[in-house]
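Chain by chain, the residues:
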Amino acid sequence: MSRYIALLAGLALWAGIGGCTIKYSASGARIDPAAKTVLVRFFENRAPQNNPQLSQNITEKLRQKILAQTRLAQTNDQTADYEFRGTITGYSVSNSAVTNIDKPASARLTITVNVTFITRVGDKKGGFTNQSFSRSADFNAQRTIAEAESALIAEIVPNLVDDIFNRAFANW
């Protein structure tokens, strides 16, 4: 037991003396100490089928998550330390389960976005280009998409935003 305590104390001392260049937040986000600003550009909706509020919804949810879970300040400056650009490329409804009489029992809404994350400080290799993120949610096929859509989007968008945030700042 005392070995483990000594090991932990040694690691803590090494981390304090070594001076890491990456800071971690309580959310697990990895933010370069020099980074102060982020620009989240409006996510354009290019999906063949779409919801008119989806672009605004995804853009705002990503901005809110970054502001709530990092120390970064939102800016419209084109030279922000971090920048997100995104396009909604897919918005589709499909059958996800069929009954024994060939009728759909449940349907699935799938939303796909392509995101580019640009880093202008620290390790510039930390960004990514045209990364695809996709999330789905099922609903009872007896309902129309219009009836289920708002609840499905409320379930899917936070998951998409979490995926984008984690890929950018937690490198998952």
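Quick caveat: nothing in here was measured; it's all calculated off a predicted structure.

### A word on the overall build of the protein
For the protein, the count of helices and strands is 3 helices and 8 strands. Secondary structure elements in the protein, listed N-terminal to C-terminal, are α-β-β-β-β-α-β-β-β-β-α. A total of 172 residues make up the protein; the buried ones form 35% of that total. Once local pairs closer than 6 in sequence are excluded, the contacts in the protein between residues at least 24 apart make up 66%.

### A word on the packing of helix α2 (residues 54–69) against helix α3 (residues 145–170)
With their axes 9 Å apart at the nearest point, α2 and α3 run at an angle of 50° to one another. Between α2 and α3, the angle falls in the class oblique. Where α2 crosses over α3, the two elements pack in a sense that is right-handed. Residues Leu-54, Asn-57, Ile-58, Lys-61, Leu-62, Lys-65, Ile-66 and Gln-69 of α2 form the contact with α3, whose own contacting residues are Ile-153, Val-157, Leu-160, Val-161, Asp-162, Ile-164, Phe-165 and Phe-169. Looking at the contact of α2 with α3 residue by residue, the classes come out as 11 nonpolar, 2 polar and 3 charged.

### Focus: α2
Taking 1.5 Å per residue as the helical rise, α2 with its 16 residues ought to reach 22 Å, and the 22 Å between its terminal C-alpha atoms agrees with that figure. For α2, the full list of buried residues reads Leu-54, Ser-55, Ile-58, Thr-59, Leu-62, Lys-65 and Ile-66. Buried residues of α2, seen end-on, are gathered within an arc of 130° and therefore sit on one face of the element.

### Remarks on the pattern of salt bridges
Under the criterion given, the structure shown has 8 salt bridges. The partner of Asp-138 in a salt bridge is Arg-108, with the nearest N and O atoms 2.7 Å apart. Here Arg-108 lies in strand β7 (residues 104–119) and Asp-138 lies in strand β8 (residues 128–140), a separation of 30 residues in the sequence. We classify Asp-138 as partly exposed; its relative accessible area is 41%. A relative accessible area of 31% places Arg-108 in the partly exposed class.

### Concerning the environment of Gly-86
With respect to the helices, strands and loops of the structure, Gly-86 is situated in strand β6 (residues 82–98). Gly-86 sits in the buried class, given a relative accessible area of 9%. Between the C-alpha atom of Gly-86 and that of Glu-44, which follows or precedes it by 42 residues, the distance is 6.6 Å. Those residues in contact with Gly-86, other than ones at most four positions away along the chain, are Phe-42, Phe-43, Glu-44, Asn-114 and Val-115.

### Considerations on the side chain of Ser-55
With respect to the helices and strands, the residue Ser-55 is situated in helix α2. By relative accessible area, Ser-55 is classed as buried at 6%. Within the local environment of Ser-55, its side chain forms a polar contact with the backbone nitrogen of Asn-45, the two atoms lying 3.4 Å apart. Once residues lying within four places of it in the same chain are set aside, the contact partners of Ser-55 are Phe-42, Phe-43, Glu-44, Asn-45 and Ile-88.

Analysis parameters
- Residues numbered from 1 in each chain as written.
- Predicted model: local features only at pLDDT ≥ 70, side-chain atom pairs only at ≥ 80, totals over all residues.
- Heavy atoms only, no water.
- Helix = DSSP H or I, 4+ residues; strand = E, 2+ residues; numbered from the N terminus.
- Buried < 20%, exposed > 50% of the residue type's maximum accessible area, 1.4 Å probe, protein only.
- Contact = heavy atoms within 4.5 Å.
- Axes fitted to C-alpha atoms, helices over the stretch in contact; angles between N-to-C directions.
- Parallel < 35°, antiparallel > 145°, perpendicular 65-115°, else oblique.
- Left-handed = near helix turned anticlockwise from the far one by under 90°.
- Nonpolar A, V, L, I, M, F, W, Y, C, P; charged D, E, K, R; others polar.
- Expected span 1.5 Å × (residues − 1).
- Arc of directions from axis to C-beta.
- Salt bridge = Lys/Arg side-chain N within 4 Å of Asp/Glu carboxyl O.
- Polar contact = N/O pair within 3.5 Å; in protein donor to acceptor, adjacent residues only side chain to side chain.

Everything listed here is a matter of coordinates, which is why it stays silent on function.
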